[in-house]
There are 2 protein chains.
Amino acid sequence: MTFELTKEYVDHIQELIERGDSEGIREQMEGLFAADITSLLIELDTDQAKYLVTQLETTTGAEILADLDPGERRDFLKAFTSQEISRYVNIFDSDDAVDLLNEQPIQVREEVIALLEDREQARFILDLLHYDEDVAGGLMQKELVKANVNWTVNECIEELRKQAEDVGRVYAVYVIDDNGILLGLLSLKKIVLAHKNTKIQSLYDKDVIFVETYRPAEEVAELMQKYDLDTLPVVNVQGKLLGRITIDDVIDVITEQASSDTMAMAGITGEVEEDDTILQQTKARLPWLLVGMMGGILAAKFIGFFEGDLKVVPAMAAFIPIIGSTGGNVGIQTSSLVLQSLADKSGLDSGLGYRLLRMLAIALINGLIISSIVFGFNLLIGNEIQLALVVSAALMSVVFLASFMGTVTPIALEKIGINPAVASGPFITTANDLIGYAVYFGLAHLLLDL
Amino acid sequence: MTFELTKEYVDHIQELIERGDSEGIREQMEGLFAADITSLLIELDTDQAKYLVTQLETTTGAEILADLDPGERRDFLKAFTSQEISRYVNIFDSDDAVDLLNEQPIQVREEVIALLEDREQARFILDLLHYDEDVAGGLMQKELVKANVNWTVNECIEELRKQAEDVGRVYAVYVIDDNGILLGLLSLKKIVLAHKNTKIQSLYDKDVIFVETYRPAEEVAELMQKYDLDTLPVVNVQGKLLGRITIDDVIDVITEQASSDTMAMAGITGEVEEDDTILQQTKARLPWLLVGMMGGILAAKFIGFFEGDLKVVPAMAAFIPIIGSTGGNVGIQTSSLVLQSLADKSGLDSGLGYRLLRMLAIALINGLIISSIVFGFNLLIGNEIQLALVVSAALMSVVFLASFMGTVTPIALEKIGINPAVASGPFITTANDLIGYAVYFGLAHLLLDL
């Protein structure tokens, strides 16, 4: 039943737009959900997109604008006047409104806020603008339904009726005291089933999980996942109810977190995407390539010292790649596993010592298997046994060292507050490679009595 | 306000358990949420954990069992009789019940189902056991509230009252016709605000997004994210309402997907974790290490051919690492970016040609910068200009080739239905390295007139 976006469809819509056939466009958009129209917009150029959006009802237009990725939206809204933008922001959820405004130049931001018809919305937005994007306060929306603990279910429903307009999705009604302190919540289910004159006091659920405005977004995501919440009330230090965070915002946090970790692992910094400008991509990628290059240059200088040895046993050179790649692969595997268990916060962490022990045990197995195969290969192709020994010994030590580095580095980084995901990135990998070459040539120099 | 699990606390609880002080334990658990008790359980040995759980109310025990990771739960439940297990499964949501039973040996599974007091639950479970875990049918739960389109709001509320017990979280009431075909939904908000005698017919929302039982889990996750749904009704091919998928199940799908991609990238197969047995970990890691090793052996054989050249210009060996690492890094960066945009399905994909063009443009910039720096370095340390030229030319071509591979491979893998995430894994990286060495020694052989 999902909507399929085809080249033909896009062409057809573009035709309608060029013809200025607003009738036909509205017809076409009739059956579609906002999210579908959004994916269509991305295929149109700005003017076409603007024309299409302005043909739709303001509410639909607002949904679409809320859907767009920050970057796309910033560019798209350049085609709109502050007046036009304010018309949509006016009916946005306050959290989405703030996200949109934060993407705009200050002047536009100020103008839009000034032009908002809904003054409450303006007040909400000014409140929320105080918070960083990556804390609970920056994720929350002001729209919520609260009921005083002394009310009856009936009064609560009346309040709900008043709020129903503004509050998109109602999961529960938050129960507060006369000072606005959060006491608990009352599920819609209970409200539906309760008797109209029942006092909320006797009905509401006191075990409520909440979060303070300054808590980091990751912590919010963990909380909502751990306790399976669809909304999380946000309070100030006094416990006063300020807003709520809905699960959809948190899903975005989770996915962004995951993708930025993957990117860090691949040696890419920041929220860059394939279709970003070439400059943006170079900015995100070049630094790490240079790290790798520096590593390579160091390796070159280092191996240079052993040129003499290489003259005597040029076969040595042939095993430089396997030393490097084995070190790299073992390091990435190990750190990724450690990262994974660092990420899942459930339970106490097993001590570093225990971790290392396991890692080294696994290293022993992998190392033995790899180095003996390579040893066999060396004899097979008729290399001297000393060289074969050196290579395998080097491989063995590389596997151990990489396992050690891969275990210790992420833990250390986490301790000093750096995103440990970089531990699987180019920097550490390069370090592992260098260690590998050092061991290899060191051993060779000793054992091949060069 | 979050619960902190400390070593001291765990010790204290263990003491209480050893003393068999069920009173004290219940006191301690009083204030805790099930999820908190779960993270505590993980720290106890099986007997202690079982004793603790059996001290709690069945409902709390059930929540805890539903919380546990599959692996932990399978081991933990070995300490329980089918009779004991059935007591918990009896009040499970049907989807969680099926997950739990699928982890059990067939005999236990059959016994538990036979022992269930709630026969409806048993029927639910038998229905759901038909579906694979990774399709919509395997994610859905049978518990939901449905109302016939011809009812009044009042009848709907009565139904809700009947169901309220079994259906944990109610987001909306699903509206069906006399044949159980899904027609739309009615939000609790509307029910609360509506007049008791209003006909559902005139109230419910016909634009409902649903999914068929056979749809893959990833598609379900995309749908719920794209359309911001907290529940998704599941229907059979005739459109008959069979169950619903709640957002919390989908969050698990999303996070698992992300982590398994990261693992694939790191050269780790399957759902292995740091604290799995050494054997499991070796199974997951060794294959990829062997791939890397094979690559290394190939490289060795290959470089072997040029031993002659190396005798003459041993300095060549020094640049083997930088060739390999640069190829690897560029390849991973490129494929990760392509993967990212393959993953986000919004809009049409830009054509392969366009993609390649951009990638090559970026490659040109990165390649030029890196190779000129390395060129400078070579002259600096007094290598002959020919060697410097060879190295930089090789680097340049490696950057281009890796960018090309990194762009084409994931797209190709996706086309033939292999998880493209492996494109950033050891296999492709190894391939890139080999290409790099080939280019390097090829060029050297030509340009250094050896």
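Counting restarts for each chain: residues are numbered from 1 in the order of the written sequence. As a convention, the first chain written is A and the first ligand written is 1, with the rest following in written order. Selection of residues for local features in this predicted model requires a pLDDT of at least 70, selection of side-chain atom pairs for listing and counting requires 80 or more, and totals for whole chains, interfaces and linings are taken over all residues. Side-chain measures were taken over the full set of non-hydrogen atoms in the model, leaving aside hydrogen atoms and water.

Trainee: How should I be thinking about the overall build of chain A in this particular structure?
Mentor: Helix and strand content of chain A: 21 helices and six strands. Atoms considered for the radius of gyration are the C-alpha atoms alone. The globule rule reads 2.2 Å times the number of residues to the power 0.38. At 30 Å, chain A has a C-alpha radius of gyration far larger than the 22 Å of a compact globule built from 450 residues. When the backbone C-alpha atoms are referred to their principal axes, chain A occupies close to 90 × 60 × 45 Å. Here the term buried applies to any residue with accessible area under 20% of the maximum for its type, exposed to any over 50%, and partly exposed to those in between, with areas from a 1.4 Å probe on protein chains only. Looking at chain A as a whole, 56% of its 450 residues are labelled buried. Residue contacts are defined here by distance: any two heavy atoms, one from each residue, within 4.5 Å place the two residues in contact. Excluding contacts between residues fewer than 6 apart, the proportion of contacts in chain A whose partners are at least 24 apart in sequence is 64%. Accessible surface for chain A amounts to roughly 19100 Å². Of this, 57% is attributable to carbon and sulfur atoms. The charged-residue count follows a simple rule in which Lys and Arg add positive charge and Asp and Glu add negative charge, with His and chain termini not counted at all. To locate a charge, take atom NZ for lysine, CZ for arginine, CG for aspartate or CD for glutamate. Charge centroids of chain A, computed over 33 positive and 68 negative side chains, lie 6 Å from each other. Per the convention used, a helix needs a DSSP run of H or I reaching at least four residues, while a strand needs a run of E reaching at least two, with both numbered from the N terminus. Only the protein chains shown count as cover for residues, and the accessible areas themselves come from Shrake-Rupley with a 1.4 Å probe.

Trainee: Is there a simple way to think about the sheet that holds strand E5 (residues 231-235) of chain B in this case?
Mentor: For sheets, the rule is that strands pair by backbone hydrogen bonds, running either parallel or antiparallel. All names here are of chain B. Ordered in space as E4-E5-E6, the three strands form an open sheet in which the pairing is mixed. Either end of the sheet is taken by a strand with one partner, and the two such strands are strand E4 (211-212) and strand E6 (241-246). With two bridges connecting them, E4 and E5 associate as parallel partners. Its bridge partner lying in E5, Glu212 is registered against Val235. Note on pairing: DSSP must find at least two bridges between two strands before they are called paired.

Trainee: What is the right way to look at the confidence of the model for chain A in this model?
Mentor: Low pLDDT marks stretches whose predicted atomic positions should not be read closely. All names here are of chain A. Averaged over all residues, the pLDDT of chain A equals 87, while 96% of them reach at least 70. Confidence, read as mean pLDDT per element, is least for helix H15 (residues 247-265) in chain A (81) and greatest for strand E4 (residues 211-212) (96). Here the prediction assigns the complex a pTM of 0.79, and the interface score ipTM is 0.78. Every residue gets a pLDDT, meaning the predictor's confidence in that residue, from 0 to 100.

Trainee: Explain the sheet that holds strand E5 (residues 231-235) of chain A to me, please; I cannot follow it from the model alone.
Mentor: Residue and element names in this part refer to chain A. Across the sheet, which stays open at both edges, the three strands sit in the order E4-E5-E6 with mixed pairing between neighbours. Either end of the sheet is taken by a strand with one partner, and the two such strands are E4 and strand E6 (241-246). Bridge analysis of E5 against E6 gives five bridges, and the strand direction is antiparallel. Bridging from a neighbouring strand, Thr231 pairs with Thr246 of E6. Fitting a line to C-alpha atoms yields each axis, with helices limited to the stretch in contact; the angle taken between N-to-C directions then spans 0 to 180 degrees. Each of E4, E5 and E6 is contacted by helix H14 (residues 217-226), which is oriented at about 135° to E5, the strand it contacts most.

Trainee: Which parts of the structure should I look at to understand the pairing of E5 of chain B?
Mentor: Residue and element names in this part refer to chain B. For E5, the tally of buried residues reaches five of five residues, placing the bulk of the element in the interior. Residues of E5 alternate between two faces, with Thr231, Pro233 and Val235 on one and Leu232 and Val234 on the opposite face, all of them buried. Hairpin connection, E5 to E6: the antiparallel pair is bridged by five residues, and Gly239 has positive phi, about 90°.

Trainee: Help me understand the packing of helix H18 (residues 320-343) of chain A against helix H19 (residues 352-380) of chain A, please; the structure alone is not making it clear to me.
Mentor: When two helices pack together, their arrangement is given by the angle between the helix axes and the distance between those axes. All names here are of chain A. Contact pair H18 / H19: the axes reach a minimum separation of 12 Å and the direction vectors enclose 155°. The orientation of H18 relative to H19 falls into the category roughly antiparallel. H19 is crossed by H18, and the crossing has right-handed handedness. Each of Ile322, Thr326, Thr334, Leu337, Val338, Ser341 and Leu342 in H18 lies in contact with H19, whose residues at this interface are Arg355, Met359, Ile370 and Val374. If an angle is under 35 degrees, it is roughly parallel; if it is over 145, roughly antiparallel; if it lies from 65 to 115, roughly perpendicular; otherwise it is oblique. The crossing is said to be left-handed when, going from far helix to near helix, the turn is anticlockwise and less than a right angle, and right-handed when the turn is clockwise.

Trainee: Quick question: what am I supposed to make of helix H12 (residues 153-164) of chain B here?
Mentor: Helix span, as expected, comes to 1.5 Å for every residue beyond the first. Along its 12 residues, H12 of chain B runs 16 Å from first to last C-alpha, staying within 8% of the 16 Å computed at 1.5 Å per residue. Buried residues in H12 of chain B make contact with helix H13 (188-193) of chain A together with strand E1 (146-148), strand E2 (172-176) and helix H13 (188-193) of chain B.

Trainee: Got a minute to help me understand the relation of the copies chain B and chain A in this structure?
Mentor: Copy one and copy two of the chain differ by a rotation about an axis and a translation along that axis. Least-squares superposition aligns the copies on the C-alpha atoms of those residues with pLDDT at or above 70 in both. Least-squares fitting of chain B to chain A yields an RMSD of 0.1 Å, with the superposition described by an axial translation of 0.0 Å and a rotation of 180°. The transformation relating the two chain copies, once decomposed into turn and shift, fits a two-fold axis. Most of the interface of chain B is mirrored in chain A: 100% of its interface residues are interface residues there too.

Trainee: Just checking my understanding: could you explain the pairing of E2 of chain B for this structure?
Mentor: Residues and elements named next belong to chain B. Across the five residues that make up E2, a large majority, five, are buried. Alignment of E1 against E2, held across three bridges, turns out to be parallel. Counterpart to Asn148 in the pairing with E2 is Ile176. Whether a crossover is right-handed depends on one test, that the path from the first strand over the helix to the second runs clockwise when the strands point away from the viewer. Traced from E1 through H12 to E2, the parallel crossover comes out right-handed. One ladder, built from five bridges, connects E2 with strand E3 (residues 182-187); its direction is antiparallel. Looking at the pairing, Val175 lines up with Gly184 of E3. What sits between the antiparallel neighbours E2 and E3 is a turn of five residues, in which Gly180 has the positive phi angle 80°.

Trainee: Which parts of the structure should I look at to understand the interface of chain B and chain A?
Mentor: One frequently used descriptor of interface size is the decrease in accessible area upon assembly of the parts. Between chain B and chain A, the contact holds 116 residues from the first and 117 residues from the second. By buried area we mean the combined loss of accessible area, with a 1.4 Å probe, across both parts when two parts are placed together. Around 10400 Å² of area is buried between chain B and chain A when both sides are counted, 67% of it from carbon and sulfur atoms. A carboxyl oxygen of Asp or Glu within 4 Å of a side-chain nitrogen of Lys or Arg is what we treat as a salt bridge. Our count for the chain B to chain A interface comes out at four salt bridges. When the shortest N-O distance is used, the salt bridge between Asp230 of chain A and Arg169 of chain B registers 3.0 Å. The element contributing the most residues to the side of chain B that touches chain A is helix H16 (residues 278-305) of chain B, with 17 residues.

Trainee: Explain the UniProt feature "transmembrane region" (unreviewed entry) in chain A to me, please; I cannot follow it from the model alone.
Mentor: Under the UniProt annotation, the feature "transmembrane region" (unreviewed entry) is placed at residues 286-306, 318-339, 360-381, 387-413 and 425-448 of chain A. The straight-line gap between the two end C-alpha atoms of residues 286-306 of chain A is 30 Å; of that span, 95% is helix and 0% is strand. UniProt positions are given in the numbering used here, feature names are shortened, and annotations may be inferred rather than shown by experiment.

Trainee: For this particular structure, what's the right way to read empty space enclosed by the protein?
Mentor: Of the two site types, the cavity is a set of points on a 1 Å grid over the protein atoms alone where a 1.4 Å probe fits but cannot get out, and the pocket is an open set with protein on both sides within 12 Å along at least five of seven lines, each lined by residues with an atom within 4 Å of a point. Grid points are joined across faces, edges and corners, and a volume is the space filled by probe spheres set on the points. Per the stated rule, a full pass over the model turns up eight cavities of 30 Å³ or more. Approximately 560 Å³ is the volume attributed to the largest cavity. Lining the largest cavity we find 37 residues, and of these Asn329 and Thr429 of chain A together with Gly328, Thr429 and Asp433 of chain B sit closest to its centre. Among the secondary structure elements, those contributing two or more residues to the lining of the largest cavity are H18 and helix H21 (426-447) of chain A together with H16, helix H18 (320-343) and helix H21 (426-447) of chain B. Considering each element in turn, the lining of the largest cavity owes the most residues, seven residues, to H18 of chain A. Residues were grouped as follows: Ala, Val, Leu, Ile, Met, Phe, Trp, Tyr, Cys and Pro as nonpolar; Asp, Glu, Lys and Arg as charged; and all remaining residues, including Gly, as polar. For the lining of the largest cavity, the per-class residue count stands at 15 nonpolar, 20 polar and two charged. The computed volume of the second largest cavity comes to approximately 50 Å³. As for the second largest cavity, its lining consists of Gly292, Gly295, Gly296, Ala299, Thr430, Asp433, Leu434 and Tyr437 of chain A together with Pro321, Ile322 and Ser325 of chain B. Listing elements by their share of the lining of the second largest cavity, those giving two or more residues are helix H16 (278-305) and H21 of chain A together with H18 of chain B. Looking at the lining of the second largest cavity residue by residue, the class counts come to five nonpolar, five polar and one charged.

Trainee: Help me understand the UniProt feature "domain: CBS" (unreviewed entry) in chain A in this model?
Mentor: UniProt marks residues 140-202 and 204-260 of chain A with the feature "domain: CBS" (unreviewed entry), using the numbering shown here. Helix makes up 42% of residues 204-260 of chain A and strand makes up 23%, while its end C-alpha atoms are separated by 40 Å.

Trainee: Sorry, what's going on with the state of the cysteines here?
Mentor: Here, two cysteine sulfur atoms that lie within 2.5 Å of each other are counted as a disulfide. Applying the stated rule across the entire model yields zero disulfides over all chains. We note that Cys156 of chain A lacks a disulfide partner, and the nearest cysteine sulfur, in Cys156 of chain B, lies 19 Å from it. Given the relative accessible area of 1%, Cys156 of chain B is considered buried.

Trainee: Looking at this model, I keep getting lost on the nonpolar core. Mind explaining?
Mentor: One recurring pattern in soluble globular proteins: nonpolar side chains tend to sit buried together. Residues belong to one nonpolar core when they are buried, are Ala, Val, Leu, Ile, Met, Phe, Trp, Tyr or Cys, and are joined through side-chain atoms within 4.5 Å. Ranked by size, the top nonpolar core spans 128 residues in total, and within it Met29, Leu52 and Ile245 of chain A together with Met29, Leu52 and Ile245 of chain B carry the most contacts. For Met29 of chain B, the contacting residues outside a window of four places in its chain are Tyr9, Ile13, Ile37, Leu40, Leu52 and Leu56 of chain B. Ranked by size, the runner-up nonpolar core spans 70 residues in total, among them Val390 and Leu448 of chain A together with Val313 and Val399 of chain B.

Trainee: Help me understand the pattern of salt bridges, please; the structure alone is not making it clear to me.
Mentor: Oppositely charged side chains are able to pair whenever their charged atoms sit close together. Per the counting criterion, the structure on display carries 28 salt bridges over all chains. A salt bridge links Glu15 of chain B to Arg19 of chain B, with the shortest nitrogen-to-oxygen separation between them at 3.6 Å. With a relative accessible area of 45%, Glu15 of chain B lands in the partly exposed category. What makes Arg19 of chain B exposed here is its relative accessible area of 53%. Between Arg26 of chain B and Glu23 of chain B there is a salt bridge, with the nearest N and O atoms lying 3.6 Å from each other. With Arg26 of chain B and Glu23 of chain B both in helix H2 (residues 22-30) and three residues apart, the pair spans about one turn of that helix. What emerges from the salt-bridge pattern is a single network uniting Glu15, Arg19 and Asp21 of chain A.

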